[in-house]
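Now for the letters of each chain:
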Amino acid sequence: MKRLTALCMALGMILSCTACAEKNTENRGNSAPLAETQKLMLNAADIRLGDNFNNIKCLSHDPLGGNILTFGELKSGGYAGFISKNDFGDYTQFRFTPQENETVYSASLIPYGKKAILTVFEGSTFIHIYDKDNNFEKTIDCGEILESDTPYIPQLYSNGDEGFIINEGNTQILAVSPDGKLLGEIKTNGMTICGVVNDSENKPIILLDDMKTIHSCTVDLSSLSAVTSQKYNSIGSSLYAIGGGAGKYHYIGVSFEGIYGFTDTEIVMLSEFLDLPFDNYQVRDIFMLSENEIVVTVTEAEGDKMYLLTEADISELKSKEVITVMSYSQSGGIFDEEIKKFNAENEDYRAEYKTYFSEESMSFEADRLRMDMISGNAPDIILFNPLLPIDTFNTEIFCDLYEFIDNDPDISREDFIPNVREGMERNGRLVMLAPNFSFSTILAKSGYEGIRENWSVDDMITAYNNMPEGMEFFTDEEINTRDKYFSEAVNTGFFIDYDKGECYFDSPEYIKLLNFFNDNNIGLKWSEYTAQSGEMPYTDHTFDILNGKRFVEFESGYNIHWFGSLFTKHRGDYEDKMVVTGFPYDGVENGSFISFGNSYGIMGNSPHKEGAWEFLRYFVSDEYNNAPQNYYSFSVIEKHFDRAADMTMDKFITFKSDDNGKIIEGEMEEKEWRYEVHNNEGQLVIDKEIAPFTQEECDYYKNIIKNAKVLRSDVTVGNIIREETMPFFDGECTAEKCADMIQNRVSIYLSEKYQ
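Residues numbered from 1 in each chain as written. Predicted model: local features only at pLDDT ≥ 70, side-chain atom pairs only at ≥ 80, totals over all residues. Heavy atoms only, no water.

1. Some points on helix α8 (residues 508-519)
(1) Moving on: With twelve residues, α8 should cover 16 Å at 1.5 Å per step; its first-to-last C-alpha distance of 16 Å lies within 8% of that length.
(2) Moving on: Of the residues making up α8, those classed as buried are Y510, I511, L513, L514, F516, F517 and N518.
(3) Moving on: Contacts made by the buried residues of α8 are with α6 (457-465), α7 (482-489), α15 (715-729) and α16 (735-753).
(4) Moving on: Looking at the residues trailing α8, positive phi occurs at N521, about 50°. (Helix = DSSP H or I, 4+ residues; strand = E, 2+ residues; numbered from the N terminus. Expected span 1.5 Å × (residues − 1). Buried < 20%, exposed > 50% of the residue type's maximum accessible area, 1.4 Å probe, protein only. Contact = heavy atoms within 4.5 Å.)

2. A closer look at a negative patch on the surface
(1) Moving on: Where like charges cluster on the molecular surface, the negative patch consists of E321, E347, D348, E610 and E614.
(2) Moving on: Here E614 shows up in helix α11 (residues 609-616).
(3) Moving on: With relative accessibility at 35%, the residue E614 sits in the partly exposed group. (Patch = residues over 30% accessible without salt bridge, like charges linked within 9 Å, V, L, I, M, F, W, Y side chains within 5 Å. Areas by Shrake-Rupley, 256 points an atom, 1.4 Å probe, with all protein chains shown as cover. Salt bridge = Lys/Arg side-chain N within 4 Å of Asp/Glu carboxyl O. Lys, Arg positive; Asp, Glu negative; His and termini not counted. Charge placed at Lys NZ, Arg CZ, Asp CG, Glu CD.)

3. Side note on the pattern of salt bridges
(1) Moving on: Summed over all chains, the structure comprises 38 salt bridges.
(2) Moving on: Where E723 meets R745, a salt bridge forms, and the shortest distance between an N and an O atom there is 2.9 Å. Here E723 is found in helix α15, whereas its partner R745 is found in helix α16, with 22 residues between them in sequence.
(3) Moving on: Residue R745 is classed as partly exposed on the basis of its relative accessible area, which comes to 31%.
(4) Moving on: Because the salt bridges share partners, they merge into one network encompassing E638, D642, D646, K702 and K706.

4. Structural notes on α11
(1) Moving on: Among the residues making up α11, those that are buried are G611, A612, W613, F615 and L616.
(2) Moving on: Taken together, the buried residues of α11 touch β25 (321-327), α2 (336-345), β26 (349-355), β29 (381-384), α4 (402-405) and β39 (599-602).

5. Examining the sheet that holds strand β40 (residues 634-635)
(1) Moving on: One open sheet accounts for four strands, arranged β40-β32-β38-β45; its pairing is mixed. Strands at the two margins of the open sheet, each flanked by one partner only, are β40 and β45 (709-710). (Pairing = 2+ DSSP bridges.)

6. Quick look at the pairing of strand β21 (residues 267-272)
(1) Moving on: Most of β21 sits out of view: six of its six residues are buried.
(2) Moving on: Connecting strand β20 (residues 258-262) to the antiparallel partner β21 that follows it, the hairpin turn spans four residues.

7. Re the side chain of H215
(1) Moving on: Note that H215 resides in strand β16 (residues 213-220).
(2) Moving on: H215 sits in the buried class, given a relative accessible area of 3%.

8. Section: the sheet that holds strand β7 (residues 114-121)
Consider a sheet: its strands pair through backbone hydrogen bonds, and that pairing is either parallel or antiparallel.
(1) Moving on: Reading across from one edge, β6-β7-β8-β9 is the order of the four strands in this open sheet, with antiparallel pairing throughout. Each having just a single partner strand, β6 (103-110) and β9 (136-143) make up the two edges of the open sheet. Neighbouring strand axes in the sheet, compared pairwise and without regard to direction, differ in orientation by 20° on average.
(2) Moving on: Here strand β8 (residues 124-130) pairs with β9 via six bridges, running antiparallel. (Axes fitted to C-alpha atoms, helices over the stretch in contact; angles between N-to-C directions.)

9. Details of unusual backbone geometry
(1) Moving on: Of note, Y112 is a non-glycine position whose phi angle comes to about 70°, a positive value.
(2) Moving on: Here Y112 is to be found in the loop between β6 and β7.
(3) Moving on: Taking the relative accessible area as the measure of exposure, Y112 reaches 61% and is therefore exposed.
(4) Moving on: With phi around 50°, N521 is a residue other than glycine that occupies positive phi space.
(5) Moving on: Tracing the backbone shows N521 in the loop between α8 and α9 (526-530).
(6) Moving on: For N521, a relative accessible area of 52% corresponds to the exposed category.

10. Quick notes on the environment of S438
(1) Moving on: Within the secondary structure, S438 is located in strand β32 (residues 436-440).
(2) Moving on: The exposure class of S438 is buried, given its relative accessible area of 6%.
(3) Moving on: Distance from S438 to Q695, taken between C-alpha atoms, is 22 Å for residues 257 residues apart in sequence.
(4) Moving on: Apart from residues no more than four positions distant in its own chain, S438 is found in contact with N559, I560, H561, F593, I594, S595 and F634.
(5) Moving on: Only 3.3 Å separates the side chain of S438 from the side chain of N559, close enough to count as a polar contact. (Polar contact = N/O pair within 3.5 Å; in protein donor to acceptor, adjacent residues only side chain to side chain.)

11. Notes on the packing of α7 against α8
(1) Moving on: Relative orientation of the contacting elements α7 and α8 amounts to 140°, with a least axis distance of 10 Å. With respect to each other, α7 and α8 are oriented oblique. As for the relative orientation of α7 and α8, their crossing is right-handed in sense. Between α7, through R482, Y485, F486 and A489, and α8, the contact on the second element is made entirely by Y510, L513, L514, F517 and N518.
(2) Moving on: A per-class count over the contact of α7 with α8 returns seven nonpolar, one polar and one charged. (Parallel < 35°, antiparallel > 145°, perpendicular 65-115°, else oblique. Left-handed = near helix turned anticlockwise from the far one by under 90°. Nonpolar A, V, L, I, M, F, W, Y, C, P; charged D, E, K, R; others polar.)

12. Concerning the nonpolar core
(1) Moving on: Grouped together as the largest cluster of nonpolar side chains are 88 residues, with contacts concentrated most on F437, F439 and F615.
(2) Moving on: F486, F517, V746 and Y749 belong to the second largest nonpolar core, which has 49 residues in total. (Core = buried A, V, L, I, M, F, W, Y, C linked by side-chain atoms within 4.5 Å.)

13. Focus on the packing of aromatic side chains
(1) Moving on: What the rule picks out here adds up to 67 aromatic pairs.
(2) Moving on: Ring centres of F71 and F94 lie 6.3 Å apart, and the angle between their planes is 20°; this geometry places the pair in the stacked category. Taken together, the residues F71 in strand β3 (residues 67-74) and F94 in strand β5 (residues 91-96) connect sequence positions 23 residues apart. Residue F71 shares its accessibility class with F94, and that shared class is buried. (Phe/Tyr/Trp six-rings, centres within 6.5 Å; stacked < 30°, edge-to-face > 60°.)

Structure representation (structure tokens):
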């Protein structure tokens, strides 16, 4: 069995044409604004016609004739095009059999009821024509237009009697004559190509974006130019797909946030993806049948699907109380699936994102969040992570979640692992809720001097000084900074008491650690590091412990997310001789820590506290913890933590999946535990069955984790330490002077922030 790691949600934060040649139009010089949302409540229904296809290459819609071409690779094999009307009921079809090694890209409806298929074979581009009765008519040899191995997916569009337009993956747009001659590349003057769409008269329209304005352009073949006919204010994010509109909407587009309609004067958000059974990146094609009917093809694990989105009664939506969830991202956030589930199932509340992301600086807007907190306009639910920890704020502004837990019929305080629950408290109040946590420590192999559980600074120095010849303590010291190794081995959690607002960086242990790294020249000084040139060598350290090159790991014990990692390391890498030394300190305290990736709080002045709790409680529910993506995590709920840990005393329990890799809901299977290791080339070099843990072994690791402190962090403190240790590591001051500087600066900061 491959070593598994639980999914960890990790979030990174901060922390052309005049563009084209222009005609005189009514809107020349003015950009249509981005309108307020005119949201449709959409129901999604499967289009059964799409079930015939495994891979839907494209949709082509002829609004004049009312015909729709669905073209792709059939589940039964081969390629086919189905021509239907707007109801997708009865349809006619044609079959296409490519030559061996002929690549099929796309197809399009063209004038007079004909169809065209775009392929590449032996370096030449071909357009195969079928007549109005679906009979093969001819093949047009276009010559060497497209590369056989293009990484993009070229799309074919009708240009009426003037030939064809080929959009090569939004990298270039080519004009081709009716007889297959390449007329040239359409000039876009450096603007980003959003896509090509056929308008209501079935003529090609190119949408271009200059980062501020989206240009709707017609094609002028005489000058090979895209000619702006309309401008819209940019929506600030990429368009994944565009298609023809209907009624007042000329076009329809898919972006990060949702589905947009383009009118005469503005861009209107029609629906958010939080209300739909698929996400933005899954959309392949989209177009409108009417103002309240949208056809979309999406890519799913089991194959492509077609949906018909129709407007539903919005009164149900309006009757729900809206709760807002903070997001760092322009594309929503980490709660997408949970919000979709919540909105579909909850009768009283509806969750929506409130985004704090600057399109201009492409960063998190921390100041705007703080101002909203002060003014009472903050989201109901706040998201915390290591770069925006809860201690950044006065925690009194957040609800005490015990008030909800104590009145919840399904959740109690006793359900939580005690030390984990205490780590989410401030002054006896539960101010945040984390669904899971990670375990941070240092691992070593027994049998070497100085190696013991919860080792001291002196123990670590002893282990280093008595290291057998030919072994390494740290890896790649010749290319990495001293600061890197210092931060891997030294945990500031020992030296700060956030509750008291005190720090102890002038302690003997900290000074001893500083001297250890400088005295032994571990890693490079900053000046040495920046003087390096050329390509840095890469060394695979996968087998260091197993092959006896090292007996301690400072980096691999960081952020362990499930019990199976400890188990396979113990049985495999360390051959049953693994010791959890923890981070070096005084030799008495537990040297291991637990930390939260993402955690969530509710604003104390929120007018929707009950609804916010209804949303958050799901993250500690049985349903959440039993979901495949969370099943193996270190859950904050003790019974689920124990269930995942106890699995190491028996067989590995995994989820069954079908031939497409989709998990079969409710079906599990048992497998023997295996130790598998792959080398740097991905080759399996070790594969052996390993015996389950004994009760004693399992309890040993469970107890270490259940007695570890919760690590609290502060970005400012980390910055201060880096700023003051860098001169020390470069030999500009003594360890005592460095420690005093850190102590003074951090003490002042803590007194202002935490006391």
